[in-house]
Amino acid sequence: MKYYYGETIRAGREAANMTQAQLAEKWPRADGGTGVSVNYVSDVERGIKNITDPHTLRRLCNILHIPVWKMGFSDYNPFDFMAGQEDALQSLQYGLEGRKVDLEVVEWANKHISLLSQLDDDLGGKKLYPLAQNNLFLLQDLLKARAASSQVEQKLRFAIAQAARLTAWLAQDAGYDHLVSKHYRLGIEMARSTNNNDFAAYCIAMMAFRAVDNGDPELCLTLLEGAGTEAAKDSPLHIALTQWTVQPLGLLGDIKSAAQNLVKADTLWERRDADRIPDWLYWIWRPSDTPEVPRGFINDDPKTAIQLLESGLRAIESDFPRDRTLILMGLAEACASAGRLDEALSTANEIMKQLPDGANPRVQTRLAKFGKNLSNDPISKEFKERLLAYKAAQTRR
């Protein structure tokens, strides 16, 4: 599907309550500057002029808070998810009947994994988990039917590993804790069966990420150590593995080691070979700018946490709304820890405005804890009442 960018831009501008003149002032130019004529904006919106520069389109997405898939940066078509995949679907049917399948099925699986990953930030785990789970079950059924040649089976096994990892993450993001571990374990098993130890290590690392989120920093460090042993010594995965030690070390009170590992992770990032980053690590960016790292400093060094979070907020584009919301949540927590109550409450209120539908269970859990830790002064009491009303609204939904 080819999206009508002008129509999308107009809808985004109107949703942002901007006039064409206001957008014209902010319009990104190919030379790196900003500003075009109002007539140019009008021509684009009416389809008279077309934008061909992808950087301009991405910058417009940031300005107008438009999901990037609406500008054609993925093949995702929200109205026709299976379009153009008839051959793969026929092969799937053959496989489920016990006949042999070919690589089209693996390509279909990889495409869906990629698309769901791209949509994760916009739609969240609750909406995407059922789709991912169904695809995972289908791929497992094909493997059980022994419908693939040995060459195709290896690729099918790795597709299952990736689908299991994604399904586990979406379950984790949706708050379905009882479903997470079994999917990660399947991902580890399938990755090891294809001798892809780096991906197996990645699944272990994701389990570590979950452990610290659930309040168990010791288990997190143990799992990360195991992941580091499994991954190849020169694997780019070590950027993430080092990065993810910062939060648990800080939570355990070892601020010095946390700071040292953050420097090491940033150094690994700066020295990375971009050509060696696997597709499944597409999301990785500078460790200091991530939402997770600053949490290691919130309790004992909130000033550093605030500096890191503010830097991350500047660095992370609007393509990643969930991560930006997580950074705001960290800012609220760090400001409260630093005694900057007014800023903390203002930021927490902003989060509730950005998540009217309660689409991020992880943030909801942290908001509840944030409110519980507040004192009973009048300002905090007013916020707690607002938070209770917010939670009640989510329950009714």
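Keep in mind that what you see is a predicted model, and the values were worked out from it rather than measured.

Draft legend 1. Structural view of the overall build of the protein chain. Check the secondary structure of the protein chain and you find 19 helices and zero strands. In the protein chain, which comprises 397 residues, the share counted as buried stands at 50%. If you take every contact in the protein chain between residues at least 6 apart in sequence, the share linking residues at least 24 apart comes to 63%. By element, 49% of the accessible surface of the protein chain is carried by carbon and sulfur atoms, the whole surface being about 19500 Å².

Draft legend 2. Spotlight on the nonpolar core. Counting 97 residues, the largest nonpolar core has Leu237, Phe297, Leu367 and Phe370 as its most contacted members. Looking at this core element by element, the count peaks at 13 residues for helix α8 (residues 150–174). Contact partners of phenylalanine 297, with chain neighbours within four places excluded, come to Val246, Ile255, Ala258, Ala259, Leu262, Pro302, Thr304, Ala305 and Leu308.

Draft legend 3. Here's a closer look at the packing of aromatic side chains. Inspection of every chain in the model, using the stated rule, returns 10 aromatic pairs. Between the aromatic rings of tryptophan 27 and tyrosine 40, the centroid separation amounts to 5.7 Å while the plane-to-plane angle is 90°, which identifies the pairing as edge-to-face. Pair noted here: tryptophan 27 is in the loop between α2 (20–26) and α3 (38–45) and tyrosine 40 is in helix α3, with a separation of 13 residues, a long-range link.

Draft legend 4. Just the environment of proline 217, in detail. Assignment of secondary structure puts proline 217 in helix α11 (residues 217–230). Spatially, the C-alpha atom of proline 217 lies 6.9 Å from that of leucine 251, the residues being 34 residues apart in sequence. Aside from chain neighbours lying at most four places away, what touches proline 217 is Val212, Pro248, Leu251 and Leu252.

Draft legend 5. Inspection of unusual backbone geometry at higher detail. Positive phi outside glycine occurs at asparagine 17, with the angle close to 60°. Secondary-structure assignment places asparagine 17 in the loop between α1 (5–15) and α2.

Draft legend 6. A look at helix α14 (residues 255–270). The end-to-end C-alpha distance of α14 is 23 Å, a good match for the 22 Å that 16 residues give at a rise of 1.5 Å each. Within α14, burial applies to Ile255, Ala258, Leu262, Ala265, Asp266 and Trp269. Looking straight down α14, one finds its buried side chains confined to an arc of 95°; they lie on one side. Summarising the geometry of α14, the exposed residues directed more than 90 degrees from the buried face are Lys256 and Val263. Elements that come into contact with the buried residues of α14 comprise α12 (237–243), α13 (246–251) and α15 (302–315).

Draft legend 7. Quick look at the packing of helix α16 (residues 321–337) against helix α17 (residues 341–354). Where α16 contacts α17, the two axes come as close as 7 Å, and the packing angle between them is 155°. Regarding the angle of α16 to α17, the classification is roughly antiparallel. The handedness of the crossing between α16 and α17 comes out as left-handed. Every residue of α17 that contacts α16 at Thr325, Leu328, Met329, Leu331, Ala332, Cys335 and Ala336 is listed here: Leu341, Glu343, Ala344, Thr347, Ala348, Ile351 and Gln354.

Conventions and cut-offs
Residues numbered from 1 in each chain as written. Predicted model: local features only at pLDDT ≥ 70, side-chain atom pairs only at ≥ 80, totals over all residues. Heavy atoms only, no water. Helix = DSSP H or I, 4+ residues; strand = E, 2+ residues; numbered from the N terminus. Buried < 20%, exposed > 50% of the residue type's maximum accessible area, 1.4 Å probe, protein only. Contact = heavy atoms within 4.5 Å. Areas by Shrake-Rupley, 256 points an atom, 1.4 Å probe, with all protein chains shown as cover. Core = buried A, V, L, I, M, F, W, Y, C linked by side-chain atoms within 4.5 Å. Phe/Tyr/Trp six-rings, centres within 6.5 Å; stacked < 30°, edge-to-face > 60°. Expected span 1.5 Å × (residues − 1). Arc of directions from axis to C-beta. Axes fitted to C-alpha atoms, helices over the stretch in contact; angles between N-to-C directions. Parallel < 35°, antiparallel > 145°, perpendicular 65-115°, else oblique. Left-handed = near helix turned anticlockwise from the far one by under 90°.

Function cannot be read off these values alone, since they describe shape.
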